[in-house]
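# Summary of structural features
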Amino acid sequence: MLNLLKTHFGYENFRPMQAEIIARVLDGGDALVLMPTGGGKSLCYQLPALHLDGLSLVISPLIALMKDQVDALQANGIAAAFINSSLDGGEIAGILNDAKAGAVKILYVAPERLSTPSFSKFLSDIDLKLIAIDEAHCISEWGHDFRPDYRNLKRLRAAFPKTPTLALTATATAKVREDIIRQLGLDKARTFISSFDRPNLKYIVRPKHNARTALVELLKRYRGESAIVYCFSRKGTEELAARLNREGLDALPYHAGLDAEVRKETQEKFIRDETRVVVATIAFGMGIDKPDVRLIVHYNLPKSVEGYYQETGRAGRDGLPGECVLFYSYGDKVKHDFFIERLEDPEEQARARQKLQQVVDFCESFTCRRATLLEYFDEKPARDDCGGCDVCLEPREEIDATEATQKVLSAVLRLNERFGAAHVIDVLRGSENKKGLERGHDSLSVYGIGAELSAYEWRQLIGALTARELLEKRGDEYPVLGVSVAGRHWLKERMTITLPKPRPPVKARAAAKAPRIPLGGDGDYDYALFEVLRALRKRLADERGVPPFVIFGDVSLRDMAASLPKTDDDFTNIYGVGAEKLKRFGPIFIEAIADYTASESADS
Ligand code: ADP
Ligand code: ZN
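Since the model is a prediction, treat every value here as computed from it, not as a measurement.

## Notes on the site of ligand 1
Close to ligand 1 lie 15 residues; Tyr11, Gly38, Ser42, Arg317 and Tyr575 are nearest. Between ligand 1 and the protein, one listed contact pairs a nitrogen atom with a side-chain N or O atom of glutamine 18 at 2.9 Å. A distance of 2.6 Å separates an oxygen atom of ligand 1 from a polar backbone atom of glycine 38. Across the complex, the protein chains shield 83% of the 560 Å² of accessible surface that ligand 1 would expose by itself. The biggest single contributor to the shell around ligand 1 is helix α3 (residues 41-51), with 3 residues. In terms of residue class, the shell around ligand 1 is built from 5 nonpolar, 7 polar and 3 charged.

## Some points on the pattern of salt bridges
This structure, assessed with the given rule, holds 41 salt bridges. With a shortest N-O distance of 2.6 Å, lysine 290 and aspartate 292 are connected by a salt bridge. Of the two residues, lysine 290 and aspartate 292, neither departs from the other in class, the shared state being buried. In this structure, arginine 539 and glutamate 543 form a salt bridge, with 3.4 Å as the shortest nitrogen-oxygen distance. Taken together, the residues span about one helical turn, with arginine 539 and glutamate 543 both in helix α22 (residues 527-544) at a distance of 4 residues. Classification of glutamate 543 by relative accessible area gives exposed; the value is 54%. Three or more residues are tied together by salt bridges with common partners; here these are Asp273, Arg276, Lys290, Asp292, Arg294, Asp318, Arg537 and Asp554.

## So, the sheet that holds strand β6 (residues 165-169)
The 7 strands lie next to each other as β3-β4-β2-β5-β6-β1-β7, forming an open sheet whose pairing is parallel. The open sheet has two edge strands with one neighbour each: β3 (80-83) and β7 (190-193). Recorded for the sheet is a direction-independent mean angle of 20° between the axes of neighbouring strands. Sheet analysis places β3 next to strand β4 (residues 106-109), joined by 4 bridges and oriented parallel. Residue pairing in the sheet places alanine 81 in a bridge with leucine 107 of β4. Along the sheet, α3 contacts β1 (31-34), β2 (55-59), β4, β5 (128-133) and β6; its crossing angle with β6, the most-contacted strand, is approximately 160°. Of the strands in this sheet, β1, β5, β6 and β7 are in contact with helix α8 (residues 174-184), which crosses β1 at around 155°.

## Considering the nonpolar core
The biggest cluster of nonpolar side chains holds 131 residues, and the ones touching the most others in it are Leu57, Leu107, Phe119, Leu123, Leu156 and Phe589. A total of 7 residues in this core trace back to one element, the largest contributor, which is helix α26 (residues 579-603). Residues within four places of phenylalanine 589 in sequence aside, it is in contact with Leu533, Leu536, Arg537, Leu540, Ile551, Phe552, Leu557, Met560 and Phe571. Judged by nonpolar contacts, the second largest core, of 27 residues, contains Ala421, Leu428, Leu481 and Leu499.

Cut-off values and rules
- Residues numbered from 1 in each chain as written.
- Chains lettered and ligands numbered in written order.
- Predicted model: local features only at pLDDT ≥ 70, side-chain atom pairs only at ≥ 80, totals over all residues.
- Heavy atoms only, no water.
- Near = heavy atom within 4 Å.
- Polar contact = N/O pair within 3.5 Å; in protein donor to acceptor, adjacent residues only side chain to side chain.
- Areas by Shrake-Rupley, 256 points an atom, 1.4 Å probe, with all protein chains shown as cover.
- Helix = DSSP H or I, 4+ residues; strand = E, 2+ residues; numbered from the N terminus.
- Nonpolar A, V, L, I, M, F, W, Y, C, P; charged D, E, K, R; others polar.
- Salt bridge = Lys/Arg side-chain N within 4 Å of Asp/Glu carboxyl O.
- Buried < 20%, exposed > 50% of the residue type's maximum accessible area, 1.4 Å probe, protein only.
- Pairing = 2+ DSSP bridges.
- Axes fitted to C-alpha atoms, helices over the stretch in contact; angles between N-to-C directions.
- Contact = heavy atoms within 4.5 Å.
- Core = buried A, V, L, I, M, F, W, Y, C linked by side-chain atoms within 4.5 Å.

Here you go:
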């Protein structure tokens with residue numbers, strides 16, 4: 001298997017769990033594979049498929065992705081093909097004939113194909129060696145992406161009871177997991193769960209102050225790299241994209257309200273490295289398998305922690321660093337509330353509220369973001385300090401917050417525990433808001449006693465006091481602040497408290513001075529050569545009508561720019577270079593590297 005891995009994919013070692021999963025399949029057993037995005041699920045069926053003598057069938061709901069996946073396999077010299085609605089009848093018949101004749105080893109199909117008479121006929125004529133069900137959570141109504149066509153898979157299983165079946169997903173909740181097993185009748189399957197930690201991703205939550213300037217600065221740092229900016233509304237994506245263009249950043253909007261043609265074109269441009277920034281609603285992403293997205297921005301608050309994990313998961317699939325930045329404002333939460341209130345099913349509404357509250361808690365808490373995410377998936381974080389989130393990277397000084405806490409708790413009590421944080425803060429700061437003036441809040445003893453802190457700092461203190469359970473948020477629709485039993489006790493006993501020092505509101509720095517981020521963790525390679533190779537890759541990809549990453553991923557190019565291969569032997573040692581890629585692209589890249597080094601030494 002290691003030989004096949006090197007020859008076809010150019011990799012030296014298995015990733016965690018891959019070897020066990022492959023062994024299980026070759027042993028004839030079923031398996032349920034839970035791995036995060038970028039974990040290397042595909043290899044778990046592609047490698048056995050290469051080894052097995054006969055046809056392997058891969059079910060995938062993402063029609064837009066099939067071609068890229070098949071292109072990538074073919075670039076590695078693997079006989080793969082796909083059938084979906086983008087092909088005409090003649091093309092499909094041709095592929096099915098090839099498959100019957102043994103000229104196709106891996107066949108990708110969409111689930112709806114299984115119910116067509118011609119495909120059923122095809123299946124009854126052949127013997128399947130392996131069935132792989134990608135995005136297996138689509139069979140569950142508990143998941144976020146239920147596809148009725150996935151129910152066809154029960155029949156497929158019944159038709160091939162002895163064929164080893166592999167169900168794979170990056171959706172981890174226990175409920176979905178159990179549902180997949182039940183729905184597919186995978187009761188003898190072994191379950192492989194790998195960690196959902198994405199160590200190469202950095203999670204940053206930022207206050208939404210001067211957010212547009214901060215975003216421009218961030219994107220300028222990532223100029224030349226692929227980035228996705230998620231927004232709440234369709235209109236928001238268009239406005240923000242226009243604004244970014246005015247700032248000299250080349251960005252396109254994407255949302256479900258755009259023409260199918262326009263959407264397709266934007267997606268293509270993104271995949272082909274022609275547009276680096278897409279400003280999108282969450283409609284963008286499911287069909288995107290781009291390995292080198294370096295930055296994911298949530299410009300508005302996501303709807304659920306699970307959604308946030310999925311969306312940020314699209315960064316750094318190739319294992320190189322990725323950054324995920326969320327701009328948090330409580331006002332965004334209120335925007336979501338507006339839509340939640342309009343949901344008709346009370347159960348759905350309650351679920352949506354709870355999920356939204358979890359996101360708010362995530363943003364307002366002072367605990368490691370990674371740990372919070374992992375705990376959400378019932379996983380115990382390995383360390384307290386992950387070194388890769390804003391909380392761990394910018395540890396905060398603890399201050400004596402006794403006086404500030406007394407002020408907040410008193411204000412909440414004076415307001416009879418009937419107002420939300422925004423109003424409490426207005427009263428503390430002596431802001432003349434209309435609601436307060438009408439109710440005579442300006443004559444309360446607590447009015448204006450907290451003018452020394454900004455509203456933003458007060459919000460953080462209130463968040464911290466809620467986490468410490470001295471304050472509590474009550475009510476679903478418009479939560480009001482209340483003082484807990486512990487809070488009353490704290491006041492009465494005149495206790496003291498230390499809290500993390502609130503951050504002052506940030507002033508965005510001048511965008512122009514932002515340095516560009518060099519790609520990669522260790523950074524020990526020739527950046528200029530990397531750019532040369534990137535341009536070469538783009539040219540070769542365009543000539544062949546495939547996305548650039550099908551030729552080589554960034555990791556491979558970086559490896560070349562670090563080790564400067566001169567011979568075929570050198571080139572074989574490059575990450576991601578197997579026999580086929582050596583033959584097809586070795587000479588071209590070796591020559592480009594030689595030209596570059598020659599011109600460099602001529603210059604000096
Ligand atoms: P998933 O489907 O789990 O999101 P993929 O199968 O797309 O992940 O794999 C993510 C990336 O990791 C791909 O570029 C893939 O080629 C690469 N990869 C997979 N297995 C290995 C391995 N053993 N060694 C190095 N790279 C690997
Ligand atoms: Zn952390």
